[in-house]
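The residues making up each chain are set out below.
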Amino acid sequence: MPKTVFEPKDDLLFITLFLRKVIFMSQYSDDVLAKVIARNPGEPEFHQAVKEVLMCVAPVLDKRPELIKEKIVERLVEPERQVIFRVPWVDDKGEVQINRGFRVQFNSAIGPYKGGIRLHPSVYLGIIKFLGFEQIFKNALTTTPIGGGKGGSDFDPKGKSDREVMSFCQSFMTELFRHIGPDTDVPAGDIGTGAREIGYMFGQYKRLTNTFTGVLTGKGLQWGGSLARKEATGFGLVYYATRMLQDAGTDWNGKRVIVSGSGNVAIYANQKATSLGGKVVAMSDSNGYIVDENGIDLDAIKEIKEVRRGRIKEYVDVHPEASYVEGCKGIWTVPADVALPCATQNEIDEESAKALVANGAKFVAEGANMPSTPEAISTFLDAGIPFGPAKAANAGGVATSALEMSQNSMRLHWSFDEVDSKLHGIMNSIYDQCTAAAEAYGQKGNLMAGANIAGFVKVADSMLAHGVV
Ligand code: NDP
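So, how was this worked out
- Residues numbered from 1 in each chain as written.
- Predicted model: local features only at pLDDT ≥ 70, side-chain atom pairs only at ≥ 80, totals over all residues.
- Heavy atoms only, no water.
- Helix = DSSP H or I, 4+ residues; strand = E, 2+ residues; numbered from the N terminus.
- Expected span 1.5 Å × (residues − 1).
- Buried < 20%, exposed > 50% of the residue type's maximum accessible area, 1.4 Å probe, protein only.
- Contact = heavy atoms within 4.5 Å.
- Pairing = 2+ DSSP bridges.
- Axes fitted to C-alpha atoms, helices over the stretch in contact; angles between N-to-C directions.
- Polar contact = N/O pair within 3.5 Å; in protein donor to acceptor, adjacent residues only side chain to side chain.
- Patch = residues over 30% accessible without salt bridge, like charges linked within 9 Å, V, L, I, M, F, W, Y side chains within 5 Å.
- Areas by Shrake-Rupley, 256 points an atom, 1.4 Å probe, with all protein chains shown as cover.
- Salt bridge = Lys/Arg side-chain N within 4 Å of Asp/Glu carboxyl O.
- Bend = angle between axes of the 7 residues up to and from the residue.
- Parallel < 35°, antiparallel > 145°, perpendicular 65-115°, else oblique.
- Left-handed = near helix turned anticlockwise from the far one by under 90°.
- Nonpolar A, V, L, I, M, F, W, Y, C, P; charged D, E, K, R; others polar.
- Near = heavy atom within 4 Å.
- Domains from an automatic or database assignment.
- Buried area = accessible area lost by both parts, 1.4 Å probe.
- Phe/Tyr/Trp six-rings, centres within 6.5 Å; stacked < 30°, edge-to-face > 60°.
- Lys NZ or Arg CZ within 6 Å of the ring centre and 35° of its normal.

### Quick look at helix H7 (residues 195–209)
The α-helix winds at 3.6 residues per turn, so residues separated by three or four positions along the chain end up facing the same way. A rise of 1.5 Å per residue sets the reference length of H7, with its 15 residues, at 21 Å; its end C-alpha atoms lie 21 Å apart and thus fit the reference within 8%. Inspection of H7 places Arg196, Glu197, Ile198, Gly199, Met201, Phe202, Gln204 and Tyr205 among the buried residues, and these make up the whole buried set. Considering only its buried residues, H7 is in contact with strand S3 (113–119), helix H6 (162–176) and strand S5 (185–188).

Structure representation (structure tokens):
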């Protein structure tokens, strides 16, 4: 007679095998992480990004031993190439200044390296590596054929004249140009790199190579840029968050929203959330934050930040009914329904996350890269708050950069509505991929697990197909 139940002896064997597998899995991830930490000392942001991915993809590795055998994870955490270079330039006083430039070409399994250039004094190799690593999975989620990379420098554009910024950008590109190309590596903007910087870098690339190609994205509209690229990360974030709200049976109408930062991502997240009925009550910069109970006047913010490159505290000069508070962290104590962190990494720690939850936050979607610490993420997940992770929620920027690359290759120019509607479709697809992957691996509703798994599987399968390279 066929056996339909386990005998006690079989039970024991099954449990032992299962436990061995689980213990092996977590041991495997721990070993990989320990090696990453040992091989990349002093790079906590990079370790943090790797740890999150390892934790989330454990169920995939459990189901697919060939990924372990072929050392896909060990290969993924090692950048294909990293370049560090001197960037000398001359300031307005005639003094020579020296900065350090970076480009990390992390993974090209699904397309040419793609990722922004960050110009900020906090930049060092660990920051560029965390951003480049995140970019691999984010780019995979966009459904466009782009690999992961990132670059930057410890140069601070703040307080510099246009001439000084140009001098730096030209020197930066004088080394970078030999490592990039429209089919090799296509950089873009990030913190501190906007239209002005992209313009100076593109001009120098064109001069050095005698080619006019789509080697950078975020270009000016008259010389190869795409409509809606400027708005794309912020708009895309709100499209993604809209799906989170819909799944919870609600929408933006009347929602109080906090948007941290007041740069490119923050401004256009504010614009889209407001247009859909939300009320953005607080924004910040690296010095402090403003609260305006009437809803923030975005034209005033654009005038201060985009036109005059001023400080957010100047907002109260035009809106005396609003308040300004020195220091950025307090923004997370402002009561709100939706939090959209759009400034920088680790800006929401456990204490801030607890304050958000205590003050009624019901949704968090990340516009910045890795803005929530692991403890903050646990706080949101434990409280049952839908949490949209950066590598999915802010992928609209790079997705639209890929659309800019397509237009450059085809020598075509799409209308704003055309690009915006493609962006909207891509963000919907990213959301669907996240929910489907989370469900397929037993983590229904966990968008962070879903984003990491969906991005990882696509890249891992491509790497398998290419052999050991
Ligand atoms: P910007 O340089 O345009 O703006 C950054 C903003 O954040 C500025 O307002 C800056 O203030 C503020 N800021 C910096 N540090 C802090 C802090 N500790 N607390 C509060 N505010 C702070 O950069 P982006 O908007 O382009 O980028 C913002 C984030 O979004 C980054 O994490 C970036 O990697 C990510 N991102 C950007 C994309 C893009 O397309 N631009 C795409 C995907 C992700 P201040 O003016 O004082 O410096």
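Anyway, onward from the coordinates.
### With respect to the sheet that holds strand S8 (residues 288–291)
Ordered by their spatial adjacency, seven strands build an open sheet running S9-S8-S7-S6-S10-S11-S12, and the pairing between neighbours is mixed. Taken across any chain shown, the strands that pair with only one partner, and hence form the sheet edges, are strand S9 (323–326) and strand S12 (387–388). Pairing analysis gives two bridges linking strand S11 (residues 363–365) to S12, with the strands arranged parallel. For valine 364, the partnering residue across the bridge sits in S12 and is phenylalanine 387. Against the sheet, helix H9 (residues 264–275) engages strand S6 (256–259), strand S7 (279–284) and strand S10 (338–340), with an angle of about 170 degrees to S7.

### Points about the environment of threonine 211
Along the chain, threonine 211 falls in the loop between H7 and helix H8 (229–247). Sequence-distant contacts of threonine 211, that is, excluding residues within four places in its chain, are made with Tyr205 and Lys206. Among the polar contacts made by the side chain of threonine 211, one reaches the side chain of threonine 209 at a distance of 2.7 Å.

### Some words on a nonpolar patch on the surface
Together, Val90, Val96 and Ile98 make up a nonpolar patch on the protein surface, roughly 280 Å² of accessible area in all. The residue isoleucine 98 is located in strand S2 (residues 96–107) in this model.

### Thoughts on helix H2 (residues 44–63)
Taking 1.5 Å of rise per residue, 20 residues should cover 28 Å, and H2 covers 29 Å from first to last C-alpha, within 8% of that figure. Largest kink in H2: about 50 degrees, centred on valine 57, with the proline proline 59 one to four residues after it.

### Some remarks on the packing of H8 against helix H16 (residues 416–440)
At their nearest, the axes of H8 and H16 sit 9 Å apart, and the two run at 45 degrees to each other. When the interaxial angle is binned, H8 and H16 end up oblique. In the packing of H8 onto H16, the handedness of the crossing is right-handed. Contacts between H8 and H16 pair Glu231, Ala232, Phe235, Gly236, Tyr239, Tyr240, Arg243, Met244 and Asp247 from the former with Phe416, Asp420, Leu423, His424, Met427, Asn428, Ile430, Tyr431, Asp432 and Cys434 from the latter. For the contact of H8 with H16, the residue count by class is eleven nonpolar, three polar and five charged.

### Examining the site of the ligand
Within the structure, the ligand sits among 25 residues, and Asp190, Thr233, Ser286, Arg311 and Asn369 are positioned closest to it. At a separation of 3.4 Å, a nitrogen atom of the ligand approaches a polar backbone atom of aspartate 285. Notes on the ligand: free accessible area 890 Å², of which the protein chains cover 85%. Counting only elements with at least two residues in the shell around the ligand, the list comes to H8 and H9. A per-class count over the shell around the ligand returns six nonpolar, twelve polar and seven charged. There are two domains that each give the shell around the ligand at least three residues, and those are domain 2 (81–212) and domain 3 (231–393).

### Notes on the domain arrangement of the protein chain
Interfaces are often sized by the accessible area lost when the parts come together. Domain boundaries in the protein chain define domain 1 (8–76), domain 2 (81–212) and domain 3 (231–393). Using only C-alpha atoms to locate each centre, domain 1 and domain 3 end up separated by 34 Å. At the junction of the two partners, domain 1 supplies five residues and domain 3 supplies seven residues. Counting the surface lost from both domain 1 and domain 3, the interface buries some 440 Å², and carbon and sulfur atoms represent 54% of this. Contact with domain 3 buries area across many residues of domain 1, yet Glu45, Gln48 and Glu52 alone supply 86% of it, more than any other trio.

### Here's the deal with the pattern of salt bridges
Tallying each qualifying case throughout the model produces 24 salt bridges. Here glutamate 404 makes a salt bridge to lysine 219, at a shortest N to O gap of 2.8 Å. Linking glutamate 404 in helix H15 (residues 396–410) with lysine 219 in the loop between H7 and H8, this pair joins segments that are 185 residues apart in sequence. Comparing glutamate 404 with lysine 219, the two get one shared label, buried.

### Looking at the side chain of aspartate 285
Turning to its location among the elements, aspartate 285 is positioned in the loop between S7 and S8. A distance of 3.3 Å separates polar atoms of two side chains, one belonging to aspartate 285 and the other to arginine 311. Contact partners of aspartate 285, with chain neighbours within four places excluded, come to Ser262, Lys305, Arg311, Ile312 and Cys328.

### Section: the packing of aromatic side chains
Applying the stated criterion across every chain, the model contains 14 aromatic pairs. Plain terms: the ring middles of phenylalanine 155 and phenylalanine 168 are 4.0 Å apart, the flat faces sit at 5 degrees to each other, and that makes the pair stacked. Of this pair, phenylalanine 155 sits in the loop between strand S4 (147–153) and H6 while phenylalanine 168 sits in helix H6; the two residues are 13 residues apart in sequence, bridging distant segments of the chain. Taking the relative accessible area as the measure of exposure, phenylalanine 168 reaches 0% and is therefore buried. Three or more aromatic residues joined by ring pairs make a cluster, and in this case those are Phe85, Trp89, Phe155, Phe168 and Phe172. Seen from the ring of tyrosine 441, lysine 63 lies directly overhead, with NZ or CZ sitting 4.6 Å from the centre. Geometry around phenylalanine 155 places lysine 160 over its ring, the cationic atom sitting 5.2 Å from the centre.

### Examining unusual backbone geometry
One non-glycine residue, lysine 71, lies in positive phi territory at about 50 degrees. Considering the arrangement of structural elements, one finds lysine 71 in the loop between helix H3 (65–69) and helix H4 (72–76). When its relative accessible area of 48% is taken as the criterion, lysine 71 is described as partly exposed. One non-glycine residue with positive phi stands out, namely asparagine 346, at about 55 degrees. Classification of asparagine 346 by relative accessible area gives partly exposed; the value is 27%.

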